[in-house]
Amino acid sequence: MWHCPTVKEFIDSAAIQSLHDNALFWNNEVPVEVVLSFAKAHARKTIRDVFPEPQREHIIAACSKAGVDPFDRMSKAYASIVSGEAWVLDRPASLAENGTTFAHYDKHWMTEFREIRRLERVTELYRVNLDTENEVAGKFKIWAA
């Protein structure tokens, strides 16, 4: 039988145990390569820093074989170690689509957002819009504890 780690086990085995004022979330509108480049340029840490290769690949395989969504568990664990200010990357087109400053809907981003709200450790959450050149086109506060 395959074992998918619990959220607590994810946190206990994470490469980074806590993030304060430097977390970067994103949704499926932003390519991973852009996220990683942006994170490096702005001294932000992503879920990929917290759960690096090959740990992430092992977790994905074990959880998938156990019938559990590995990204759901990783998202909950990542969101639960974040405090202070955090950012979520998005594309400007999403703003026009939904008419708000809230980030584009994405299953795993919404899982993270629910954890952020539930735990109330994030004091300010900003949506950072990227333009077509992957530069900051706007920064909007979407949550304050």
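This text follows the structure it describes.
First things first, this report covers the structure right here in the doc. Since the structure is predicted, the reported quantities are computational estimates derived from the model, not experimental observations. Residue positions are given per chain, counted from 1 along the sequence in the order it is written. Owing to the predicted nature of the model, reporting of local features is limited to residues with pLDDT of at least 70; listing and counting of side-chain atom pairs is limited to 80 or more, with chain, interface and lining totals taken over all residues. Water and hydrogen atoms were dropped before computing side-chain values, which therefore reflect all heavy atoms in the structure.

Comments concerning the overall build of the chain
Put simply, the rule reads: Secondary structure follows DSSP: runs of H or I at least 4 residues long count as helices, runs of E at least 2 residues long count as strands, and numbering of each begins at the N terminus. Under the scheme applied here, a residue whose accessible area is under 20% of the maximum for its type counts as buried, over 50% as exposed, and between as partly exposed, the area being computed with a 1.4 Å probe on protein chains only. Contact criterion: two residues are considered in contact whenever any of their non-hydrogen atoms come within 4.5 Å of each other. Working definition of accessibility: Shrake-Rupley area with a 1.4 Å probe, residue cover restricted to the visible protein chains.
When you go through the chain residue by residue, the secondary structure sums to seven helices and five strands. Shown N-terminal to C-terminal, the secondary structure of the chain runs as helices and strands in the order α-β-β-α-α-α-α-β-α-α-β-β. When burial is assessed residue by residue, the chain has 46% of its 145 residues classed as buried. Contacts in the chain between residues at least 24 apart in sequence constitute 70% of all its contacts with a sequence separation of at least 6. Surface accessibility of the chain: about 7400 Å² in total, with carbon and sulfur atoms responsible for 54%.

Remarks on unusual backbone geometry
Where the residue is not glycine, phi is negative for most of them; where a peptide bond is considered, it is trans in most cases. For the bond from E53 to P54, the omega torsion is -10°, close enough to zero to count as cis. Note that P54 resides in the loop between α3 (47–50) and α4 (55–65). Its identity is not glycine, yet A43 carries a phi of approximately 55°, on the positive side. Mapped onto the elements, A43 comes out in the loop between α2 (32–41) and α3. Although it is not a glycine, E120 adopts a positive phi angle of roughly 55°. For E120, the position within the fold is in the loop between α7 (107–119) and β4 (122–130). The class for E120 is exposed, based on a relative accessible area of 57%.

Regarding the packing of helix α5 (residues 70–80) against α7
Stated precisely, the cut-off is as follows: Lines fitted to the C-alpha atoms define the axes, with helices restricted to the stretch that makes contact. Angles between their N-to-C directions range from 0 to 180 degrees. The crossing is said to be left-handed when, going from far helix to near helix, the turn is anticlockwise and less than a right angle, and right-handed when the turn is clockwise. Amino acids are sorted into nonpolar (Ala, Val, Leu, Ile, Met, Phe, Trp, Tyr, Cys and Pro), charged (Asp, Glu, Lys and Arg) and polar (every other residue, Gly among them).
For the pair α5 and α7, the least separation of the axes is 8 Å and the interaxial angle reads 35°. Between α5 and α7 lies a crossing whose hand is right-handed. In contact with F71, D72, S75, K76, Y78, A79 and S80 of α5, α7 contributes H108, T111, E112, E115, I116 and L119. Within the contact of α5 with α7, the residues separate by chemical class into five nonpolar, four polar and four charged.

Topic: the state of the cysteines
Inclusion rule: Pairs of cysteine sulfur atoms within 2.5 Å are identified as disulfides in what follows.
What the rule picks out here adds up to one disulfide. Here C4 is linked by a disulfide to C63, with a sulfur-sulfur distance of 1.9 Å. Given an S-S torsion of about 75°, the disulfide between C4 and C63 has right-handed geometry. Linking C4 in the segment before α1 (7–13) with C63 in helix α4, this pair joins segments that are 59 residues apart in sequence. Comparing C4 with C63 shows no difference in burial state: the two are buried.

Notes on the environment of S75
Residue placement: S75 occurs in helix α5. Each C-alpha atom of the pair S75 and V7 lies 9.0 Å from the other, and the pair is 68 residues apart in sequence. Dropping the residues within four chain positions of it, S75 is found in contact with I47, H108, T111 and E112.

Topic: the pattern of salt bridges
In plain terms, the rule: By definition here, a salt bridge exists when the distance from a side-chain nitrogen of Lys or Arg to a carboxyl oxygen of Asp or Glu is within 4 Å.
Counting across every chain of the model gives nine salt bridges. Between D90 and R127 there is a salt bridge, with the nearest N and O atoms lying 3.6 Å from each other. Residue D90 is located in strand β3 (residues 82–90), and its partner R127 is located in strand β4; the two are separated by 37 residues in the primary sequence. Just as D90 is buried, R127 falls in that class too.

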